[in-house]
Amino acid sequence: MTEQGSLVEYGFRRVIITITAIFCALLEIVDTTIVNVALNEMRGNLGATLTEVAWVITAYAIANVIIVPMTSWLSQQFGRRNYFAASIIIFTVASFLCGNATNIWELVAFRFIQGLGGGALLVTSQTIITESYPPEKRGMAQAIYGLGVIIGPTLGPPLGGYIVDHFSWPYIFYINIPIGVIATLLTLQFVKSPKYAEKTSKSDIDWWGIAFLAMAVGSLQYVLERGQEDDWFNSTAIILTTITAFLGFYFFIWRELTFRNPIVELRVLKNGNLRIGTILSFILGFGLYGSTFIIPLYTQATLGWTAQQSGMLMIPAALTTAFMMPIIGNLLQKGVPQQYLIAGGMLLFFVYSFWGYKILTPDTSSDSFFWMLIVRGIGMGMLFIPITTMSLSTLKGREIGQGASFTGMMRQLGGSFGIALITTFMARQTVTHRGALVSNLDINDPGVIQRIKGIQASFMAKGMSPDVALQSAYKLMDYSVSKQASVLSYMDVFLYIGIMFLLCIPFILMIKTNKKNKVDISEAMH
């Protein structure tokens, strides 16, 4: 399909192409998480509810999930360089529009468009880096790329926090504009397009496949996001979108298996390792994006930290992962079985989650998080490259790109599921815990009476009248019950995510890998 030799670059050109591709990958990934710490500001500024503002993250993720599987096909249609440049331009223009949004639904719509541009940046930048290096140097190229992919989600919160604290939330979008302009110019100047086989004729374009995929993913995401607020299947809208999602997936699978030129090649999933790899990528996305979503939320909402403080907390873990990536790459090239590394990573992720479960209180200190997050950083390093390597270890040629699309899509989908399920689960658990705590507070209990009187006295000492002081004492008591209930629900999330990772370990150790098929990491990172 491509003339590999003509795409290998040397010297200055190769450095420029690598920097451009990594910047584009970082733009896309940082933008997935940079908004997490700004959600509170956006909510106040645009007069939105918590559920509405969650769509700012979700819309971007839906667009990503729809576009990623189509990327290799779109590159063939328009030429890779043109498609890559167009994606950067769409992303950059949408960033400007996001910053100028005047209400929450405008912002959500522009985030969706931004996601359509961004989804292509990740997969395409990886392919461009791979093909710009001769085969013997690809391991190093992919290690550099891998750093960007793992550090990106963790860089988002501190960067977002700094911008929100020192400027205002629109600037988290405006910073993309200068980088986008430079990246577009460098792409048009330096990136080459491979020679593809002939393009698909208009009658051969899988329009139905595209429509079914968008319908299925969009509806599923709506169900996940709105389910909790709309009381799940007591809502007509939720029932209709569930049916739409089911039919969308059914017809999408039927179409892709019967059409002569499918937009997503599902037959590649006959490969056992890829099937397991797509499931593991989903779980990885769930853990990676779920934990990057929940920690800033807990530190800001419960502990009262600023956006910047909660973002800075994640940096040591990101640096640890960066340090781990080349080490893991080396171990894989020396022939250490991928499943051992993945099992080790899953075990560390369980340790991190259980640690989180143990240390969360209504006033946990920042020092308590340090080693727990370092463990997360090591675990992430041990999961990312081995999962992708294993998924693609028995694929050949064109199948590698198609397999890569699946793992990329499933990682993103895992993140969307993770965030939606965590918010739903926490809302339910908070109500349950609050009910349990309140039932233990007997108004005639001498201990409770004593406590209320003590708070009332302290308010009266500040000059309040007895009846106002009593009301304030009850309010404070109520607030501390709510806070305790929300901390208990955060603890539950950590515990269950940990158990999910722990349960995966025996299945991973049962996987057979082909010893002869030692994989070039460059293929695996696709």
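Residues numbered from 1 in each chain as written. Predicted model: local features only at pLDDT ≥ 70, side-chain atom pairs only at ≥ 80, totals over all residues. Heavy atoms only, no water.

Describing the overall build of the protein
How we decide: Where helices and strands are cited, they refer to DSSP runs of H or I of at least four residues and of E of at least two residues respectively, numbered from the N terminus. A 1.4 Å probe rolled over the protein chains alone gives each residue an accessible area, and that area as a share of the maximum for its type sets the label: buried under 20%, exposed over 50%, partly exposed in between. Only the protein chains shown count as cover for residues, and the accessible areas themselves come from Shrake-Rupley with a 1.4 Å probe.
In terms of helices and strands, the protein carries 21 helices and 0 strands. By the burial criterion, 56% of the 526 residues in the protein qualify as buried. If you sum the accessible surface of the protein, you get close to 22500 Å²; carbon and sulfur atoms cover 66% of it.

Re a nonpolar patch on the surface
Selection rule: Residues with no salt bridge and a relative accessible area higher than 30% make up the patches, which join like charges within 9 Å and nonpolar side chains (Val, Leu, Ile, Met, Phe, Trp, Tyr) within 5 Å. For this analysis, a salt bridge means a side-chain nitrogen from Lys or Arg found within 4 Å of a carboxyl oxygen belonging to Asp or Glu.
A cluster of nonpolar side chains, namely Met215, Phe233, Ile239, Ile243, Phe246, Leu247, Tyr250, Phe251 and Trp254, defines an oily patch on the protein surface of about 900 Å² accessible area. Ranked by the residues each element gives to the nonpolar patch, the list is headed by helix α12 (residues 236–258), at 7 residues. In this structure, Phe251 sits in helix α12.

Thoughts on the nonpolar core
Selection rule: As used here, the term nonpolar core means buried Ala, Val, Leu, Ile, Met, Phe, Trp, Tyr and Cys residues forming a set that is joined through side-chain atoms within 4.5 Å. Contact between two residues is taken to exist if any of their heavy atoms lie within 4.5 Å; hydrogens are not considered.
Counting 120 residues, the largest nonpolar core has Met42, Val56, Leu107, Ile172, Ile295, Met346 and Phe369 as its most contacted members. When sequence neighbours within four positions are dropped, the list of residues in contact with Val56 reads Val35, Leu39, Met42, Ile104, Leu107, Val108 and Arg111. The next biggest cluster of nonpolar side chains, apart from the first, holds 13 residues, and it includes Ile16, Leu27, Phe91 and Ile128.

Comments concerning the packing of aromatic side chains
Convention followed: Classification of ring pairs rests on two measures: the distance between centres of Phe, Tyr or Trp rings, Trp counted by its six-membered ring, which must be within 6.5 Å, and the angle between planes, read as stacked under 30 degrees, edge-to-face over 60 and tilted in between. Look at NZ for Lys and CZ for Arg. If either is within 6 Å of the ring centre and within 35 degrees of the ring normal, a charge sits over the ring.
What the rule picks out here adds up to 19 aromatic pairs. Relative to Phe494, the ring of Tyr352 lies with its centre 5.9 Å away and its plane at 75°, an arrangement referred to as edge-to-face. Highlighted residues: Tyr352 in helix α16 (residues 338–359) and Phe494 in helix α20 (residues 466–509), separated in sequence by 142 residues. The same class applies to Tyr352 as to Phe494, namely buried. In this arrangement the basic side chain of Arg111 is found over the ring face of Tyr60, its NZ or CZ atom lying 4.2 Å from the centre. Above the plane of the ring of Phe259 lies Arg255, whose end atom (NZ or CZ) is 4.0 Å from the centre.

Topic: the pattern of salt bridges
Under the defined criterion, the tally for this structure stands at 1 salt bridge. Asp478 serves as the salt-bridge partner of Arg434, at 2.5 Å between the closest nitrogen and oxygen. With Arg434 in helix α18 (residues 398–439) and Asp478 in helix α20, this residue pair connects regions lying 44 residues apart in the sequence. Residue Asp478 is classed as partly exposed on the basis of its relative accessible area, which comes to 36%.

Comments concerning the confidence of the model for the protein
Rules: Within a predicted model, pLDDT stands for the predictor's per-residue confidence, ranging from 0 to 100.
Across the protein, pLDDT averages 80, with 89% of residues at or above 70. Mean pLDDT values over the elements of the protein span from 43, in helix α21 (residues 521–524), up to 91, in α16. In the model, residues 1–5 has pLDDT below 50 throughout and makes 12 contacts with residues more than four positions away in sequence or in other chains. pLDDT under 50 marks residues 516–526. Its contacts with residues more than four places away, or in other chains, come to 36 contacts.

A closer look at helix α5 (residues 71–78)
Of all 8 residues that make up α5, 6 are buried, and the element is covered over most of its length. Buried within α5 we find Thr71, Trp73, Leu74, Ser75, Gln76 and Gln77. Among the residues trailing α5, Gly79 stands out with phi positive, at a value near 85°.

Quick notes on the environment of Leu503
Here Leu503 is to be found in helix α20. The exposure class of Leu503 is exposed, given its relative accessible area of 56%. A sequence separation of 157 residues divides Leu503 from Met346, and the C-alpha atoms of the two residues are 9.1 Å apart.

A closer look at helix α17 (residues 370–392)
Heads up, the rule is: Helix span, expected: 1.5 Å multiplied by one less than the number of residues in the helix.
The end-to-end C-alpha distance of α17 is 34 Å, a good match for the 33 Å that 23 residues give at a rise of 1.5 Å each. In terms of burial, α17 is largely enclosed, as 20 of its 23 residues are buried.

Considering the side chain of Gln429
Along the chain, Gln429 falls in helix α18. If near-sequence neighbours (up to four positions away) are discounted, Gln429 is found in contact with Ser489 and Asp492.

A few points about the packing of α5 against helix α6 (residues 80–99)
Spelled out, the test is: Lines fitted to C-alpha atoms define the axes, with helix axes restricted to the stretch in contact, and inter-axis angles between N-to-C directions lie between 0 and 180 degrees. Each angle gets one of four labels, with under 35 degrees taken as roughly parallel, over 145 as roughly antiparallel, 65 to 115 as roughly perpendicular, and the rest as oblique. In this classification, the charged set is Asp, Glu, Lys and Arg, the nonpolar set is Ala, Val, Leu, Ile, Met, Phe, Trp, Tyr, Cys and Pro, and all remaining amino acids, among them Gly, are polar.
Between α5 and α6, whose axes approach to 6 Å, the crossing angle comes to 115°. Comparing the axis directions of α5 and α6 gives the class roughly perpendicular. For the pair α5 and α6, the contacting residues are Thr71, Leu74, Ser75 and Phe78 in the first and Arg80, Asn82 and Tyr83 in the second. Here the residues of the contact of α5 with α6 are counted per class, giving 3 nonpolar, 3 polar and 1 charged.

Details of the environment of Cys504
Structurally, Cys504 can be placed in helix α20. Between the alpha carbons of Cys504 and Met346 there is a distance of 7.5 Å; along the sequence they are 158 residues apart. If we ignore the near neighbours within four places in the chain, the residues touching Cys504 are Ile283 and Met346.

A look at the environment of Ile29
The topology assignment puts Ile29 in helix α2 (residues 11–33). Measuring from C-alpha to C-alpha, the distance between Ile29 and Gly148 comes to 8.3 Å, with 119 residues separating the pair along the chain.

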